[in-house]
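Coordinates in review
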Amino acid sequence: MQNKMDAGLKLFQFSLLLIAVSLLSLYFTDMHFMLCKEARRASLSLLLENSADVPTQYRVLVPWVVNFLMKLRLPLLSSPLRLFKFIEFASTFFLFFAFRSYISNFIKKGLLSTLLSFTLFIILPYQYIFYSWSLNAIYYPYDVPSVLFFTLGLILIYKKNWYVYYPVFIIATFNRETTIFLTFIYLVTAIDKKKILPVVSHCFFQLLIWAVIKKFLALLYAGNPGPGYFVNFFFVNGVLIAHPVNFVRVASSFCFVWIGVIYYFKLVNDEFVRRTLIVLFPFLIGMFIVGNVMELRIYGELIPVILSALLLIIYNLHRAEMGPSTSIQGTLKP
């Protein structure tokens, strides 16, 4: 009898969790579409017609999926706009559970990791919506899925599940080329003087896959207008970031939580999480060259990297405050 009651309680709690995540994902999706505009030369209709400017057209996964689903004539999802919204909703929904799965590797308490995962719904609007009020933010259908794929990549790298990682890596690269930074994360988290050859082999294989996909897409959309592989924003960004107001806007990324990560960096006592933070340097440098720094959406893939570090800090601070029996003193790695 007691077992049935416990099972019923767990089912009830999980049902409430599904409802909460669904509502939050739906609300975020609705606000994202409502407050952000489509790119003039890379609108949803142009992406579906495969005639948008490159490099945006290279991020073809979601448009391809929408075109495929349209042929199925699904009830309630008959229009392209509804399909784009559904994919965004599903990506946000599964991102929550992927992120919860990721941080549960470091925060072993299930209920706490679940509650902390809800901080995603604070960070996501900062990256994709809030700055739209003054900067006319643009909606791209690949943005939120790219965060989901990046989070899945982190999980699979951590678990060394290569049989699943490589299919995810391939699919994710068709969504956005920032998967190259997953290869960098693998390098810095797996490098070992005693096992350097397997690491180099994996990196080479991933780079080869990435390059082949990029070349394939370049040939496929060779006739599309646009600058090609990327737009050089280096000098424009130099001027933009020099303005104090613009600097503060860029600094508002991730709801300013990166400040806490820097301040309490020593409390990031998991070696994997700590090493993943190294990706911030090449990622930010890369985006400074190929992206408009004022569009905070371009840093979205860093959300699971920075937020996981912050939540680990919060967890360790909580343990320290609970007393000597749970103190983290002596457990921090240099």
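Report follows, based on the coordinates. (Residues numbered from 1 in each chain as written. Predicted model: local features only at pLDDT ≥ 70, side-chain atom pairs only at ≥ 80, totals over all residues. Heavy atoms only, no water.)

It is worth spelling out unusual backbone geometry at this point. Between V54 and P55 the backbone carries a cis peptide bond, its omega angle lying at 15°. Looking at the element boundaries, P55 is found in the loop between α2 (44-48) and α3 (61-72). A positive phi angle, near 60°, is found at N50, a position not held by glycine. With respect to the helices and strands, the residue N50 is situated in the loop between α2 and α3. By relative accessible area, N50 is classed as partly exposed at 29%. You will see that F254, though not glycine, has its phi angle at about 60°, which is positive. Structurally, F254 is set in the loop between α13 (244-251) and α14 (257-263). The exposure class of F254 is buried, given its relative accessible area of 6%. (Helix = DSSP H or I, 4+ residues; strand = E, 2+ residues; numbered from the N terminus. Buried < 20%, exposed > 50% of the residue type's maximum accessible area, 1.4 Å probe, protein only.)

Next up on the list: the packing of helix α4 (residues 80-103) against helix α8 (residues 143-159). Running from amino to carboxyl end, α4 crosses α8 at an angle of 25°, the nearest separation of the two axes being 9 Å. Judged by the angle between their axes, α4 and α8 are roughly parallel. When the axes of α4 and α8 are compared, the crossing they make is left-handed. Only V144, P145, V147, L148, T151, L152, L154 and I155 of α8 make contact with α4, whose side of the interface consists of E88, S91, T92, F94, L95, A98, F99, S101 and Y102. Broken down by class, the residue content of the contact of α4 with α8 amounts to 12 nonpolar, four polar and one charged. (Axes fitted to C-alpha atoms, helices over the stretch in contact; angles between N-to-C directions. Parallel < 35°, antiparallel > 145°, perpendicular 65-115°, else oblique. Left-handed = near helix turned anticlockwise from the far one by under 90°. Contact = heavy atoms within 4.5 Å. Nonpolar A, V, L, I, M, F, W, Y, C, P; charged D, E, K, R; others polar.)

With that settled, consider the pattern of salt bridges. Working definition: two side chains of opposite charge can pair if their charged atoms are close together. In this structure the tally under the stated criterion is seven salt bridges. One salt bridge in this structure joins E271 and R275, with 3.2 Å as the shortest N-O distance. With E271 and R275 both in helix α15 (residues 271-276) and four residues apart, the pair spans about one turn of that helix. The class of E271 is partly exposed, set by a relative accessible area of 29%. Overlapping salt bridges bring together R59, E177 and K214 as one network. (Salt bridge = Lys/Arg side-chain N within 4 Å of Asp/Glu carboxyl O.)

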